[in-house]
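# Summary of structural features
Here is what each chain is made of, one letter per residue.
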Amino acid sequence: MDRLQEVKKAKWDVIVVGTGIGGGTIGYALAKAGFRVLFLEKGRNSHLADYDDTIDGEYAENFLNENLPKEALPNRRILRQTGRYSDLVYDATASPPYAFSPFIGEGSGGSSALYGMVMERFFPNDFSVKPYFHDAPGASLPEAWPVDYNDLRPYYRAAESLYRVRGELDPLRQNSLDSLISPPPLSAPSHELFEFLKTKGLHPYTMPMAYECVPDCQECIGYLCPKECKNDSMRICIAPAIKNHLATLLDNCAVSHLEATQERVTAVWCTIGQEKFSLEAKVIILAAGALHTPSILLRSQSPLWPNGLANTSGLVGKNLMRHYFDLYCVKTEAEVDSGALIKQIAFNDLYCRDDHKLGTVQAVGRLAPSGALVKELHDEIHRKGNPVLATFIRSARPIIKMGVERFISSRLILTAIMEDLPYEDNQVQLANGGNGIKIKYTIHAYDKKRINLFRQKVKALLHPLHFTFVKNAENNERLAHACGTCRFGNDPATSVLDAKNRTHDLDNIYIVDASFFPTASGINPSLTIAANALRVADKILATLKS
């Protein structure tokens, strides 16, 4: 009997769709408790020796053929080999609309296989949001999350321990934090910037990051780590769950839709190659990401669920948030060495200040290859109707690429991350007859003012350093922190999930990726996803045991 037939015949307690931070963490917790867990992953398991063509240690952009259309099979193959999402997403709000490949994960570990490893707690006031944005017209803001910081605090600590997070405590909120593993020393450029920020009266610290910091660590931001240094969900959760407990991973398995009665999900429909089949379990957990999880529910239409599964509220796919990112390329006197750690420091002095809730500023690490940045610039200019300038950039690409490479490799690059607010008109929808995904996302006037205010304040704090500002917040392709499309809450009329992350409509389906966020906060989401997954695992365990 082959492996797929064994999976079909097995009796599963839990099926987890997606292997990112949410799915990996909750699946590990349930398997460790003795339950049979099946992970389903759309991409491939890059940890298997079967895939000797896996590309790690390098960006996909170093191998893509820029002369081929985006949907060409060779390019899609390269994306899969590098753990990247291989389908296109359509931006329906752009003029004209266009398709792009988002920088998110597809394969074992999901986006955590590519992430920047920052695992940081939300601020306590991130869970009580309305006071900061009471004057935001049209925003669908709840008064507060259905859980608060104290509910998550023990799970934050457990998640930090599980993912071996190392870093310093943010001096602005030490009273609400617990100790972490000590981080490596600051590199020369990071130390120089750290000391400068202190002279400005700011409170820099070494970011909490989930990695082992092996010799010659390259931080591997945006590509698969070749040294088993990055503590992603596959390495920390799924591999141990398979090795030590009753868990199995089925990769290259695309979940098309769910089948359900009025009360329960009865089947998970999957495709591997040309074979379509269904699987069953007592509990179904969706953790495919804030784009795919709502898409699976919307595709699960039936006479009982004409608007999609678990969608009596009409909110599945709505309230998409993605964070606003800008870049500040800072020139330091200390040389930015190619082998030095550069994703190290952050400061939160602008997070809540002068009655404004803005965001965090942190080192972003090394950027994608210069060729990819130049191509992105070319494509954007061409879309905006300036073919002459686009043609010039294309013809001069080698020279421009060389200049960009020299520039970015000599700078310490900071990113300013600001919370965007939920609006129902910002949403994920189905495309191509239900087989694809499109987004609608518009920056509202209220948030445009906040973006400009944040930019002014960051530039003032960095003065008189020499830095180059790169506007990025308006770019809808920045979906690495997508969240909010299946929000949780206490009222079934205004939320998709209850406080246990179970759908209001069905009693055996849970969602634990960033879809559940009712607001985005301005902090990297990974740790909160992991902590909440451990919290929800406890709720599910109580149900399974009973």
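Refer to the structure presented above.
First things first, this report covers the structure right here in the doc.

Take the overall build of the protein next. When you go through the protein residue by residue, the secondary structure sums to 12 helices and 22 strands. For 546 residues, the compact-globule formula gives about 24 Å, and the C-alpha radius of gyration of the protein, at 22 Å, lands near that figure. Counting only C-alpha atoms, the protein reaches 65 × 55 × 50 Å along its principal axes. Looking at the 546 residues of the protein, the share that counts as buried comes to 58%. Of the contacts formed within the protein by residues at least 6 apart in sequence, a portion of 73% connects residues at least 24 apart. When the accessible surface of the protein is totalled, it reaches about 21,800 Å², and 51% of it is carbon and sulfur. Averaged over its 61 positive side-chain charges, the protein has a centre that lies 1 Å from the centre of its 61 negative ones.

Here we come to the state of the cysteines. Counting across every chain of the model gives 0 disulfides. Of the cysteine sulfurs around C352, a residue in no disulfide, the closest is that of C483, at 17 Å. With a relative accessible area of 31%, C352 lands in the partly exposed category. With no disulfide of its own, C486 lies 12 Å from the sulfur of C483, the closest cysteine sulfur.

Take the pattern of salt bridges next. Once the charged atoms of two side chains with opposite charge are near each other, the side chains can pair. Using the criterion set out here, one finds 24 salt bridges in the structure. Salt-bridge contacts for R264 lead to D507; the nearest nitrogen and oxygen are separated by 3.2 Å. Separated by 243 residues along the polypeptide, R264 in the loop between strand 9 (254-260) and strand 10 (265-272) and D507 in the loop between strand 21 (467-470) and strand 22 (509-511) bring together distant segments of the chain. Of the residues examined, R264 reaches a relative accessible area of 34% and is grouped as partly exposed. On the accessibility criterion, D507 (38% relative accessible area) is partly exposed. Taken together, the shared-partner salt bridges in this structure form one network comprising K42, R76, R80, D87 and E106.

For the rest of this paragraph, the subject is the environment of E474. Relative to the helices and strands, E474 resides in the loop between strand 21 and strand 22. Distance from E474 to D491, taken between C-alpha atoms, is 32 Å for residues 17 residues apart in sequence. Setting aside residues no more than four positions away along its own chain, E474 makes contact with R322, I443, I451 and R455.

Along the chain, S190 falls in helix 5 (residues 188-199). Side chain to side chain, S190 and S187 meet in a polar contact 3.2 Å long. Apart from the residues within four sequence positions on either side, S190 is in contact with L341, I342, Q344, I345 and L412.

Looking now at the packing of helix 2 (residues 21-32) against helix 6 (residues 233-244). The geometry of helix 2 relative to helix 6 is characterised by a closest axis approach of 9 Å and an angle of 30° between their N-to-C directions. Judged by the sense of rotation from one axis to the other, the crossing of helix 2 with helix 6 is left-handed. Contacts between helix 2 and helix 6 involve I21, G24, T25, Y28 and A31 from the former and S233, C237, I238, P240 and A241 from the latter. When grouped by side-chain class, the residues that make up the contact of helix 2 with helix 6 number 7 nonpolar, 3 polar and no charged.

Now for unusual backbone geometry. The omega torsion across S95 and P96 is 0°, close enough to zero to call that bond cis. Relative to the helices and strands, P96 resides in the loop between strand 3 (89-91) and strand 4 (98-100). For the bond from H463 to P464, the omega torsion is 10°, close enough to zero to count as cis. If you trace the backbone, P464 turns up in the loop between helix 11 (445-462) and strand 21. Even without a glycine there, the phi angle at E228 is positive, about 55°. With respect to the helices and strands, the residue E228 is situated in the loop between strand 7 (209-210) and helix 6. A positive phi angle, close to 70°, is found at H323, a residue other than glycine. Considering the arrangement of structural elements, one finds H323 in the loop between helix 7 (292-299) and strand 13 (324-330). Residue H323 is classed as buried on the basis of its relative accessible area of 1%.

Calculation notes
Residues numbered from 1 in each chain as written. Predicted model: local features only at pLDDT ≥ 70, side-chain atom pairs only at ≥ 80, totals over all residues. Heavy atoms only, no water. Helix = DSSP H or I, 4+ residues; strand = E, 2+ residues; numbered from the N terminus. Rg over C-alpha atoms; globule rule 2.2 N^0.38 Å. Buried < 20%, exposed > 50% of the residue type's maximum accessible area, 1.4 Å probe, protein only. Contact = heavy atoms within 4.5 Å. Areas by Shrake-Rupley, 256 points an atom, 1.4 Å probe, with all protein chains shown as cover. Lys, Arg positive; Asp, Glu negative; His and termini not counted. Charge placed at Lys NZ, Arg CZ, Asp CG, Glu CD. Disulfide = S-S within 2.5 Å. Salt bridge = Lys/Arg side-chain N within 4 Å of Asp/Glu carboxyl O. Polar contact = N/O pair within 3.5 Å; in protein donor to acceptor, adjacent residues only side chain to side chain. Axes fitted to C-alpha atoms, helices over the stretch in contact; angles between N-to-C directions. Left-handed = near helix turned anticlockwise from the far one by under 90°. Nonpolar A, V, L, I, M, F, W, Y, C, P; charged D, E, K, R; others polar.

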